[in-house]
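Now for the letters of each chain:
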Amino acid sequence: MDLNDSPAEAAFRAEARAFLAAHAPAHKLDIYDDDFDEDALLAQSRAFQRVLNEHGWAAVLWPKQYGGRGCGPIEQIIWNQELGRAGIGESVFVVGIGMAGPTIIAHGSEAQKQRYLGPMLRGDEIWCQLFSEPGAGSDLAALATRAVRDGEDWIVSGQKVWCSGGHYSDFGILLTRTDPAAPKHKGITYFLVDMKTPGIEVRPLRQMNGGAHFSEVFLNEVRVPDSARLGPENHGWSAAMTTLLNERMAIGGIDRMFSLEKLLEHARAHRGEMDAAARDELARVYVWSRALEMLNARVITKLGRGMIPAAESSVMKLAIARIVSRSSELALRVQGPDGLGRKGYWQNQWLFAPALHIAGGTDEIQKNIAAERVLGLPREAEPFRDLPFEKLPRG
Ligand SMILES: Cc1cc2nc3c(=O)[nH]c(=O)nc-3n(C[C@H](O)[C@H](O)[C@H](O)COP(=O)(O)OP(=O)(O)OC[C@H]3O[C@@H](n4cnc5c(N)ncnc54)[C@H](O)[C@@H]3O)c2cc1C
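I will try to describe carefully the structure that is included in this document. Along every chain, residues carry numbers that run from 1 in the direction the sequence is written. Since the coordinates come from a predicted model, pLDDT governs what is reported: local features require at least 70, and pairs of side-chain atoms require 80 or more to be given and counted, while whole-chain, interface and lining totals use all residues. Just so you know, side-chain values use all the structure's heavy atoms and leave hydrogens and water out.

### Comments concerning the overall build of the chain
Applicable threshold: To qualify as a helix, a DSSP run of H or I must reach at least 4 residues; to qualify as a strand, a run of E must reach at least 2; elements of each kind are numbered from the N terminus. The globule rule used for comparison is 2.2 Å times the number of residues to the exponent 0.38, while the radius of gyration itself is calculated over C-alpha atoms. For the exposure calls, accessible area comes from a 1.4 Å probe over protein chains only, and a residue counts as buried if that area is under 20% of its type's maximum, exposed if over 50%, partly exposed in between. Contacts between residues were defined by any pair of non-hydrogen atoms, one from each residue, lying within 4.5 Å. Methods summary: accessible areas were calculated by the Shrake-Rupley approach with a probe of 1.4 Å, and residue burial reflects only the protein chains presented. Charged-residue counts in this description rest on Lys and Arg as positive and Asp and Glu as negative, His and the chain ends being excluded. Lys charges are placed at NZ, Arg charges at CZ, Asp charges at CG and Glu charges at CD.
A tally of regular secondary structure across the chain gives twelve helices and eight strands. Its C-alpha radius of gyration of 22 Å places the chain within 12% of the 21 Å reference for a compact globule of 395 residues. Taking all 395 residues of the chain together, the buried fraction comes to 49%. The contacts of the chain with a sequence gap of at least 6 include a subset with a gap of at least 24, amounting to 72%. Accessible area for the chain stands at about 19,400 Å²; split by element, carbon and sulfur atoms hold 54% of it. Here the chain carries 45 positive and 50 negative side-chain charges, and the mean point of each set is 4 Å from the other.

Set out below in structure tokens:
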């Protein structure tokens, strides 16, 4: 494992760092700030996205022919690290540029590429992901939202949930069931849907930190043109896999969710309250976060040697969620009862931490992956995989 950047990686990092030093917004609005103003955040995000695009940083992984930087996953990881270092949190464009864009590039028609990719890069249109449903999350292929052909259109009815940014998005990537007689993975069709289409009702969900990051989305006989279909009818699962693979790359690692420096600063400021148990916990979080850095270096080394990291990303995801939970708990503990009444960075981290154990694959799913691919345990049984969707037992 190589812990240092290669000369090419170091040059890329220096370029990214210099660009961010010159162009990152001075006062960064964050969706998790206690005085979070959504309109201001959207305006700042759009303005910064335009700057990124003008300087060729809008989409590090996209091929140059579509307006991207044409880089590989190592550069994407370095770029994410540098964004974290510059204090820039997750972008409202993450679903568009990180997930929808690469899927359209891989599976879309020329007309779809022409229509959607440019406005995504420029920050003109925001995208959301309409995948999860009340009965389909970890088992995404169990989705039940129906799309039925009607001439040149499709009529879509169903309910989606946990749609991040749904209430301010212009377009959504949507998975629907088009052949209930086929096994669950085989009767799915993928659409690119305009969120302003009549019949789409978006209801924001209020969270315990006061924000409304997600929405429920109800689709009531929504008429979607066949030209909005991405890839062949009933073969949407393969495009969905492209989206999910890109999701893992797009969602930044530890650098954008946790700062060891901030935790150490906090511990120093509360030195008097750091009893033996708190010091022990601080040491534990410190060791975990350094171990995570090593794991990250291992992923970069593997990618640099042309290998595909296997279960490392699952182990990293588990560790990040645990570090954010335990560090925010520790930070609040040393603030004492006073901390409970306050609003601030650590309170927000603590209230948001449970989401990290669920989003992008729950802890249990990551453990299953690690058990099968690292420990070589038997694969989880899937007795219903080949059964027609309409014959699946429903709980
Ligand atoms: C912050 C955040 C943002 C999100 N954004 C979006 C979005 O924009 N668009 C979107 O479509 N979705 C989004 N989601 C939804 C997310 O993808 C799902 O919550 C996730 O896949 C889990 O699905 P679920 O909530 O239905 O839980 P379920 O799958 O119902 O799981 C319930 C419990 O059962 C456990 N479990 C399930 N299957 C297994 C198994 N095989 N083995 C062991 N345990 C199991 C789970 O670990 C969990 O503890 C978001 C979620 C969060 C938290």
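### Let's talk about the state of the cysteines
Going by this rule: When two cysteine sulfur atoms are found within 2.5 Å, that pair is recorded as a disulfide.
Summed over the entire model, instances satisfying the criterion amount to zero disulfides. Cys128 supplies the cysteine sulfur nearest to Cys163, a cysteine that is in no disulfide, at a spacing of 3.6 Å. By relative accessible area, which is 0% here, Cys163 ends up buried.

### Concerning the packing of aromatic side chains
What describes a pair of aromatic rings is the distance from one ring centre to the other and the angle between the planes of the rings. We count it as follows: Stacked, tilted and edge-to-face are the three classes assigned to paired rings of Phe, Tyr and Trp, where Trp is represented by its six-membered ring and a pair needs centres within 6.5 Å; plane angles under 30 degrees give stacked, over 60 edge-to-face, the rest tilted. Placement of a charge over a ring requires the Lys NZ or Arg CZ to be within 6 Å of the ring centre, with the centre-to-atom vector within 35 degrees of the ring normal.
Taken as a whole and assessed by the stated rule, the structure comprises eleven aromatic pairs. Measuring from ring centre to ring centre gives 5.4 Å for Tyr116 and Phe171, while their planes differ by 70°; the resulting arrangement is edge-to-face. Highlighted residues: Tyr116 in helix H5 (residues 110–122) and Phe171 in strand E4 (residues 171–177), separated in sequence by 55 residues. Each of the two residues, Tyr116 as well as Phe171, counts as buried. In this structure an aromatic cluster arises from ring pairing among Phe12, Phe19, Trp57 and Trp79. It is Arg177 that lies over the ring of Phe389; its NZ or CZ is 3.7 Å from the centre.

### Here we look at the site of the ligand
The condition is simple: For each residue, the test is whether any non-hydrogen atom lies within 4 Å of the molecule or strand; if one does, the residue is near. We call two N or O atoms a polar contact when they sit within 3.5 Å, provided that within protein one can donate a hydrogen and the other can accept it, with sequence-adjacent residues counted only if both atoms are side-chain atoms. Under the convention adopted here, Pro, Cys and the residues Ala, Val, Leu, Ile, Met, Phe, Trp and Tyr are nonpolar, Asp, Glu, Lys and Arg are charged, and Gly plus all remaining residues are polar.
Taken together, 17 residues sit near the ligand, with Ser132, Ser138, Trp162, Thr362 and Glu364 positioned nearest. Between the ligand and Ser138 there is a distance of 2.6 Å, counted from an oxygen atom to a side-chain nitrogen or oxygen. The separation between an oxygen atom of the ligand and a polar side-chain atom of Thr362 is 2.6 Å. Calculation on the ligand without its partners gives an accessible area of 970 Å², and the protein chains cover 68% of this total. Residue assignment for the shell around the ligand shows that the elements contributing at least two residues are strand E3 (153–164) and helix H12 (363–373). Across the shell around the ligand, the residue classes tally to eight nonpolar, seven polar and two charged.

### Description of the environment of Asn296
Residue position: Asn296 is located in helix H8 (residues 276–304). We classify Asn296 as buried; its relative accessible area is 12%. It is 14 Å that separates the C-alpha atoms of Asn296 and Met307, two residues lying eleven residues apart in sequence. Those residues in contact with Asn296 that sit more than four places away from it in its chain are Ile77, Gln81 and Met316.

### Brief notes about helix H2 (residues 38–54)
Every α-helix winds through 3.6 residues per turn, so residues three or four apart in the chain are directed the same way. For clarity, the threshold we go by: The span one expects for a helix is its residue count, reduced by one, times 1.5 Å. Throughout, the arc means that of the directions going from the helix axis to the C-beta atoms.
Taking 1.5 Å per residue, 17 residues should reach 24 Å; H2 reaches 24 Å between its end C-alpha atoms and fits that length. Looking only at H2, the buried set comprises Leu41, Leu42, Ser45, Phe48, Gln49 and Leu52. Burial along H2 is one-sided: seen end-on, the buried residues are contained in an arc of 135°. Turned more than 90 degrees away from the buried face of H2, the exposed residues are Asp39 and Glu54. Contact partners of the buried residues in H2: helix H1 (7–23), helix H3 (73–85), helix H4 (94–107) and H5. Phi for Gly56, located one or two positions after H2, is positive at around 75°.

### Thoughts on H3
With 13 residues, H3 should cover 18 Å at 1.5 Å per step; its first-to-last C-alpha distance of 18 Å lies within 8% of that length. For H3, the tally of buried residues reaches ten of 13 residues, placing the bulk of the element in the interior. Looking at the buried side of H3, the elements it contacts are H1, H2, helix H6 (236–250) and H8. Just downstream of H3 lies Gly87, where phi reads positive at about 75°.

### With respect to the side chain of Asp363
Filter applied, for reference: What makes a salt bridge here is a side-chain nitrogen of Lys or Arg within 4 Å of a carboxyl oxygen of Asp or Glu, nothing more.
Among the secondary structure elements, Asp363 is positioned in helix H12. Among buried charged residues, Asp363 stands out as having no salt bridge; its nearest opposite-charge side chain is Lys317, 4.9 Å away. Within the structure, Asp363 has its side chain in polar contact with the side chain of His357 (distance 2.6 Å).

### Considering a nonpolar patch on the surface
Note the following rule: In this scheme, patches are assembled from residues that exceed 30% relative accessible area and form no salt bridge. Like charges are connected within 9 Å, while nonpolar side chains (Val, Leu, Ile, Met, Phe, Trp, Tyr) are connected within 5 Å.
On the surface, a nonpolar cluster with roughly 370 Å² of combined accessible area is contributed by Val315, Val374, Leu375 and Leu377. Within the fold, Val374 resides in the segment after H12.

### Remarks on the pairing of strand E7 (residues 214–225)
Rules: Whether two strands pair comes down to DSSP finding at least two bridges between them.
Both E3 and E7 contribute to a ladder of nine bridges, which runs antiparallel. Along E7, the bridge assignment pairs Ile155 with Arg223. Sheet topology note: the strand E6 (residues 200–205)/E7 ladder contains six bridges and is antiparallel. Bridge pairing in E7 links Leu205 to Phe214.

### Quick look at the nonpolar core
Short version of the rule: Here the nonpolar core consists of buried residues drawn from Ala, Val, Leu, Ile, Met, Phe, Trp, Tyr and Cys, with membership extended through side-chain atoms lying within 4.5 Å.
Formed by 84 residues in total, the largest nonpolar core has its most connected members in Trp62, Trp79, Met120 and Trp127. A total of nine residues in this core trace back to one element, the largest contributor, which is helix H9 (residues 312–335). With residues near it in sequence (within four places) discarded, Trp62 still touches Gly68, Arg69, Gly70, Gly96, Ile97, Gly101, Pro102, Ile105, Leu117, Met120 and Leu121. Judged by nonpolar contacts, the second largest core, of 16 residues, contains Cys128, Leu130, Cys163 and Ile200.

Function cannot be inferred from these measures alone, as they are strictly geometric.
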